[in-house]
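So you can see what is in the structure, the chains are spelled out below.
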Amino acid sequence: MIFLKVLVEDKVLDGSNLASEHGLSFYIETPAQKFIFDCGQTDLAWKNALKLGVDLHGINFAVISHAHYDHAGGFPALLKFANLKKIYTGRNFWLEKFSKTAEGYKYRGAGFTFQDLARRQIEQKVCDDILEIGKDCWLIGNFDTRYKVSIPEKFVRGENKIPDNFDDEICLVLREGDGAAVVVGCAHVGILNIVATVQKRLDLPIKTVIGGIHSDDMKIFARLEDFGVENFYLCHCTGENLRADFATGSTLKID
């Protein structure tokens, strides 16, 4: 049995004593290991974790889906609660990210550097394609672009502020019975591209999609159902027409 608990996202369940922010963080526990997928933008995820009874001292590593502040910004604060020695990212993670605004370019990056990791003796493991991180647990990146995706022009990166193609993005895949569950941060590269790539590389049917998909297109559901996806737990950075009631404090069990 695998447990996934929402430590922070844009909403909280009614009557909860937890807090929300524009960000995403999941605590994941498998029979073999415990880890964090995304870190929110501040230390709020870790404050919520304490209220939820999650022992952050017991986690083995952190995975960051991409280098935007609302997924990576809480990582430095996590180190106050957990003695991590390993972090998993996609390629080109250190290219700084910005948003183009009417006032100029606003920094939207991770908020920490490779040198910060080196000082703390934290190893960075990069997923270029597919990387097994435990029994029935994988990271996948470098997604095939089978389906067209329109990434907003405001997203740029690097010193020259080039358009961001989000090739740093990775997803988490967890075995679910005879299929798999796909956990995403924002799916900037397109949730259809992600699901199609995972299905092709692992040769497993995708049963569940969890996370944010940066879309409000109802047709996405139909296309995902064509892939055989049965369960949708959508949150942060998903349009209101698509997202379910999957908020901070929610717990999901994956068989």
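Our subject is the structure listed above.
Anyway, here's the lowdown on the structure attached to this text.

On to the packing of aromatic side chains, then. The geometry of an aromatic ring pair is captured by two quantities: the separation of the ring centres and the angle between the planes. Within the structure shown, the criterion is met by 14 aromatic pairs. Consider the rings of F155 and F166, whose centres lie 5.5 Å apart with planes at 85°: the pair is edge-to-face. On the criterion of sequence distance, the pair formed by F155 in strand β11 (residues 155–157) and F166 in the loop between β12 (162–163) and β13 (170–176) is long-range, its members being 11 residues apart. With respect to class, F155 is no different from F166; both count as buried. Measuring from ring centre to ring centre gives 4.5 Å for F221 and F232, while their planes differ by 80°; the resulting arrangement is edge-to-face. Of this pair, F221 sits in helix α6 (residues 219–226) while F232 is found in strand β16 (residues 231–234), placing the two residues 11 residues apart along the sequence. Each member of the pair F221 and F232 is classed as buried. Sitting over the ring of Y105, K161 keeps its end group 5.5 Å from the ring centre.

This brings us to the sheet that holds strand β3 (residues 34–37). Taken in spatial order, the 7 strands line up as β8-β5-β4-β3-β2-β1-β17 in an open sheet, and their pairing is mixed. The open sheet has two free edges, formed respectively by β8 (123–127) and β17 (251–254), since each of these has just one partner strand. Each strand of the sheet is rotated relative to its neighbour by a mean of 25°, with strand direction disregarded. Across 5 bridges, strand β1 (residues 2–8) lies against strand β2 (residues 25–29) in antiparallel orientation. Pairing of V8 across the sheet is with S25, part of β2. Sitting on the sheet, helix α1 (residues 44–52) is in contact with β1, β2 and β3, with an inclination near 125° to β1.

On to the nonpolar core. Core analysis: the largest hydrophobic core is formed by 32 residues, its most contacted members being C171, I191, I194, V198 and I213. For this core, the elements supplying multiple residues, two or more each, are β10 (137–141), β13, β14 (179–184), α5 (191–202), β15 (206–211), α6 and β16. For this core, the element with the most residues is α5, which contributes 7 residues. Every residue in contact with I194, bar those within four places of it in the chain, is listed here: F143, C171, V182, V184, A187 and V189. Y27, W46, L56 and A72 belong to the second largest nonpolar core, which has 28 residues in total.

The next subject is the pattern of salt bridges. All chains considered together, the criterion is met by 16 salt bridges. The partner of D136 in a salt bridge is R175, with the nearest N and O atoms 3.7 Å apart. Highlighted residues: D136 in the loop between β9 (130–134) and β10 and R175 in strand β13, separated in sequence by 39 residues. The exposure class assigned to R175 is partly exposed, which follows from its relative accessible area of 27%. Among the ionic pairs, D164 bridges to R157, the shortest N-O distance being 3.8 Å.

Pairing between β9 and β10: 4 bridges, direction antiparallel. Each residue of the ladder has a partner; that of I130, found in β10, is I140. With antiparallel pairing between neighbouring strands as the criterion, β9 and β10 make up a hairpin whose turn holds 2 residues, including D136 at a positive phi of roughly 60°.

With that settled, the discussion passes to the pairing of β3. Every other side chain in a regular strand lies on the same face of the sheet, so the side chains alternate between the two faces. Both β2 and β3 contribute to a ladder of 4 bridges, which runs antiparallel. Counterpart to E29 in the pairing with β3 is K34. Both β3 and strand β4 (residues 61–63) contribute to a ladder of 3 bridges, which runs parallel. Within the sheet, the bridge partner assigned to F35 lies in β4 and is F61.

A separate point is α5. Three- or four-residue spacings in an α-helix give side chains the same orientation, since the helix completes a turn every 3.6 residues. With 12 residues, α5 ought to run about 16 Å at 1.5 Å a step, and its terminal C-alpha atoms sit 16 Å apart, in line with that. Among the 12 residues that make up α5, 9 are buried, leaving the element largely enclosed by the rest of the structure. Looking only at α5, the buried set comprises I191, L192, N193, I194, V195, A196, T197, V198 and L202. Those residues of α5 that are buried lie in contact with β9, β10, β13, β14, β15 and α6. Of the residues one or two after α5, D203 is the one with positive phi, at around 55°.

Our focus in this paragraph is α6. Within the span of α6, buried status applies to I220, F221 and L224. Along the long axis of α6, the arc covered by the buried residues comes to 100°, so they all point the same way. For α6, the exposed residues set more than 90 degrees away from the buried face come down to K219 and D226. Packed against the buried residues of α6 are α5 and β16.

How each quantity is defined
Residues numbered from 1 in each chain as written. Predicted model: local features only at pLDDT ≥ 70, side-chain atom pairs only at ≥ 80, totals over all residues. Heavy atoms only, no water. Phe/Tyr/Trp six-rings, centres within 6.5 Å; stacked < 30°, edge-to-face > 60°. Helix = DSSP H or I, 4+ residues; strand = E, 2+ residues; numbered from the N terminus. Buried < 20%, exposed > 50% of the residue type's maximum accessible area, 1.4 Å probe, protein only. Lys NZ or Arg CZ within 6 Å of the ring centre and 35° of its normal. Pairing = 2+ DSSP bridges. Axes fitted to C-alpha atoms, helices over the stretch in contact; angles between N-to-C directions. Contact = heavy atoms within 4.5 Å. Core = buried A, V, L, I, M, F, W, Y, C linked by side-chain atoms within 4.5 Å. Salt bridge = Lys/Arg side-chain N within 4 Å of Asp/Glu carboxyl O. Expected span 1.5 Å × (residues − 1). Arc of directions from axis to C-beta.

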